[in-house]
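Structural features, examined
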Amino acid sequence: AGDGVAASVPAPIPIHLIPIHLQPLPEGARRFRFLDLLRAETRLLLQGQRWWWYAVAAGLIIAAFVSPLNAVRQGILPVAWIWPLLLWSALGNREARYGTQGLVFSAARPLSRQLPAAWAAGVLLALVTGGAAGLRLALAGDWPAAGAWAVAALFIPTLALTLGVWSGGGKLFEVAYLVLWYLGPMQHVPGLDFLGTLPATAKAGTPVVFLVATALLGLAAVAGRKRQLRMG
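Residues numbered from 1 in each chain as written. Predicted model: local features only at pLDDT ≥ 70, side-chain atom pairs only at ≥ 80, totals over all residues. Heavy atoms only, no water.

**As for the overall build of the protein**
Summing up its helical and strand segments, the protein has 13 helices and zero strands in all. What you see in the protein, going N to C, is helices and strands ordered as α-α-α-α-α-α-α-α-α-α-α-α-α. Sorting the 232 residues of the protein into buried and exposed places 39% on the buried side. Counting only contacts in the protein whose residues sit at least 6 apart along the sequence, the fraction spanning at least 24 positions is 76%. Per element, the accessible surface of the protein, about 13,200 Å² overall, is 70% carbon and sulfur. (Helix = DSSP H or I, 4+ residues; strand = E, 2+ residues; numbered from the N terminus. Buried < 20%, exposed > 50% of the residue type's maximum accessible area, 1.4 Å probe, protein only. Contact = heavy atoms within 4.5 Å. Areas by Shrake-Rupley, 256 points an atom, 1.4 Å probe, with all protein chains shown as cover.)

**Considering the packing of helix α5 (residues 69-80) against helix α9 (residues 110-139)**
Relative orientation of the contacting elements α5 and α9 amounts to 160°, with a least axis distance of 9 Å. Between α5 and α9, the interaxial angle falls into the category roughly antiparallel. Between α5 and α9 the crossing geometry is left-handed. Judged by residue contacts, L69, V72, R73, L77 and A80 of α5 engage T129, G130, A133, R136 and L137 from α9. When the residues that make up the contact of α5 with α9 are grouped by side-chain class, the tally is six nonpolar, two polar and two charged. (Axes fitted to C-alpha atoms, helices over the stretch in contact; angles between N-to-C directions. Parallel < 35°, antiparallel > 145°, perpendicular 65-115°, else oblique. Left-handed = near helix turned anticlockwise from the far one by under 90°. Nonpolar A, V, L, I, M, F, W, Y, C, P; charged D, E, K, R; others polar.)

**A word on the nonpolar core**
Core analysis: the biggest nonpolar cluster contains 44 residues, and W81, W88, F155, I156, F173, Y177 and F194 have the highest contact counts within it. Of all elements in the fold, only α3 (34-46), α4 (51-66), α5, α6 (85-88), α9, α10 (143-167), α11 (171-186) and α13 (206-231) reach the threshold of two or more residues within this core. In terms of residue count, the dominant contributor to this core is α10 (13 residues). Setting aside chain neighbours within four positions, we find W88 in contact with W81, G122, L125, A126, I156, P157, A160, F173 and Y177. (Core = buried A, V, L, I, M, F, W, Y, C linked by side-chain atoms within 4.5 Å.)

**What about α9?**
Along its length, α9 reaches its greatest deviation from straightness, about 65°, at G130. Of the residues flanking the end of α9, it is G141, one or two places downstream, whose phi is positive at about 75°. (Bend = angle between axes of the 7 residues up to and from the residue.)

**Re a nonpolar patch on the surface**
There is a patch of nonpolar side chains on the surface, built from I62, F65, V66, L135 and L139 and spanning about 540 Å² of accessible area. Of all elements in the fold, only α4 and α9 reach the threshold of two or more residues within the nonpolar patch. Take the nonpolar patch: its biggest share by element is three residues, from α4. Exposure remark for L139: the relative accessible area of 67% places this residue in the exposed category. (Patch = residues over 30% accessible without salt bridge, like charges linked within 9 Å, V, L, I, M, F, W, Y side chains within 5 Å. Salt bridge = Lys/Arg side-chain N within 4 Å of Asp/Glu carboxyl O.)

**As for the layout of surface pockets**
Roughly 180 Å³ of internal volume is contained in the second largest pocket. As for the second largest pocket, its lining consists of 13 residues, and the residues nearest its centre are L46, W53, L125, V128 and T129. If you list the elements that add at least two residues to the lining of the second largest pocket, you get α3, α4 and α9. Grouping the amino acids of the lining of the second largest pocket by side-chain chemistry returns eleven nonpolar, two polar and no charged. (1 Å grid on protein atoms, 1.4 Å probe; cavity = no way out; pocket = protein on both sides within 12 Å on 5 of 7 lines; lining within 4 Å. Points joined across faces, edges and corners; volume = space filled by probe spheres on them.)

Worth remembering: the numbers are spatial, not functional.
See the structure below:
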């Protein structure tokens, strides 16, 4: 019986291995391209916006070019930089919102590549939507106001990124920025007018305070992303 069982076992089928030769990626394909990543982050930032959103943004840009300088400083610029509120609020938390942390955080150098690109996309949005107002201030020779504008263009997306990273959502930034925007540029509360809508505000050192705050917020954003990478 034992011989019969052994005889019924089929002979093993030989397996022929086909050698595969992998070609290394060319040097150009392995090189990091920040502009490509910035372009991708900008597309993500603007994704889903309807034509009327762009129409309003374009109208504010045109108004900044043709309106009196005082109206640009105290009215058009604050409106131009509250209009992208919901876009900025996605900075730093898009991965948590859509559950893509594993994909984004496993990419090469997410701390030194993806995070700066997301921040730069937010700054680019500020420069585009408020650039006409900043140009008007510079051409008028109002350098304190132009300096306040430049600091605000960095401060707003940095605040959004930091609060987004640490809270995992956009609501904290939306509330915090809306309150700051109302009390500062709209109500001119001393020390909170980060846009420098009043000449005295721009010359009183407020932009320097917000520049320091921007640097500290940037460090906090990096620390928060490091924490996410450790936990992930």
